[in-house]
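Examination of the molecular architecture
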Amino acid sequence: MLPAEEEKSLPLPERWPRASKFALSACAAAVAELVTFPLDLTKTRLQVQGEAAVHRSGAVAGQPVPYRGMLRTAAGIVQEEGLLKLWQGATPAIYRHIVYSGVRMVAYEHLRDSVLGRTEDESFPFWKAVVGGMSAGAIGQFFASPTDLVKVQMQMEGKRKLEGKPLRFRGVHHAFMKILSEGGIRGLWAGWVPNVQRAALVNMGDLTTYDSVKHFLLLNTPLVDNSVTHSVASACSGLVAAVLGTPADVVKTRIMNQPRDNQGRGLLYKSSMDCLIQTVQGEGFMSLYKGFTPTWMRMAPWSLVFWLTYEQIRRICGVSSF
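In this report, we go over the structure that sits alongside the text.

Calculation notes
- Residues numbered from 1 in each chain as written.
- Predicted model: local features only at pLDDT ≥ 70, side-chain atom pairs only at ≥ 80, totals over all residues.
- Heavy atoms only, no water.
- 1 Å grid on protein atoms, 1.4 Å probe; cavity = no way out; pocket = protein on both sides within 12 Å on 5 of 7 lines; lining within 4 Å.
- Points joined across faces, edges and corners; volume = space filled by probe spheres on them.
- Helix = DSSP H or I, 4+ residues; strand = E, 2+ residues; numbered from the N terminus.
- Nonpolar A, V, L, I, M, F, W, Y, C, P; charged D, E, K, R; others polar.

Overview of the layout of surface pockets
Roughly 480 Å³ of volume is contained in the second largest pocket. Lining the second largest pocket we find 20 residues, and of these Arg186, Trp189, Ala190, Gly191 and Arg260 sit closest to its centre. Secondary structure elements with two or more residues in the lining of the second largest pocket: helix H9 (172–188) and helix H10 (192–220). Classifying every residue of the lining of the second largest pocket by side-chain character gives seven nonpolar, nine polar and four charged.

So, in structure tokens, the structure goes:
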């Protein structure tokens, strides 16, 4: 049989391994996103509460809204806006993960296997895992940043309605078109710098920790490649990712949610560094960890659902292991 004929006879995952991994990662991420999205919405609302820059600008009339905490914020959304509003912004979030998770997984595997390289015993040194995880996360998030921008702004629409402000968007497509018309192509990438920084830090914690813990357990404990191993690795990766990524996530959320002029320029923050400085000076260092609890509570199960779904679909489709 000729090489070309042999290649055509191979299963699709073997003929197109990277494309298969991309599709597999996107499917797993969509499931994980839908399951944990209410925690993401709660986290976003917490991150914009009590913004010092908002109060200094006079953009909010009346008394400032007190910081309510995770449970009271989530309960308030249900009581004031309705249960289904806990999933407001889920559509662009899924779009984001189709791009982000697919690209970051493929990029990480390519960096690990073809660029940085494993050792002779097939292990992956920690420093290489750190470089690969941060690079893969940054690449994936840069391409997915417009969908993240739309997600954050749509997550705040319910709050705007309660404050008596006009809604900005009629839907996902209208949001993309409005942002594009007001700020051009660059407007779609507003807040991409802290977004990429957050993704790099989160992936350093997520992919690096998951990959390292999983292989450590397989090499040094009686555990085998099963759901118990994946659960332990996911719990570790979720905690580390939340600790590393929350400060950049707070800055990213505030940059993306700030009001803009007719040219699409931010009215509260000149840059991500300006947002960071104003936040720390006006609210204290710990304000950078607003929303940490729902972030961590979301990341651990998100990572667990993602990796369990990934591994199950991988086995069904015959795709090689991560």
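Section: empty space enclosed by the protein
Per the counting criterion, the structure on display carries two cavities of 30 Å³ or more. Roughly 230 Å³ of internal volume is contained in the largest cavity. Lining the largest cavity are 20 residues; nearest its centre among them are Arg198, Val202, Arg298, Met299 and Trp302. For the lining of the largest cavity, the secondary-structure elements that each account for two or more residues are helix H3 (17–48), helix H6 (90–116), helix H7 (126–155), H10, helix H11 (227–257) and helix H13 (292–317). Ranked by residues supplied to the lining of the largest cavity, first place goes to H11 with five residues. Tallied by class, the residues present in the lining of the largest cavity amount to five nonpolar, four polar and eleven charged. By volume, the second largest cavity amounts to about 30 Å³. What lines the second largest cavity is simply Asp40, Lys43, Arg198, Asp249, Thr295, Arg298 and Met299. At the level of secondary structure, the elements contributing two or more residues to the lining of the second largest cavity comprise H3 and H13. The element best represented in the lining of the second largest cavity is H13, accounting for three residues. Grouping the constituent residues of the lining of the second largest cavity by class yields one nonpolar, one polar and five charged.

Structural measurements only, silent on function.
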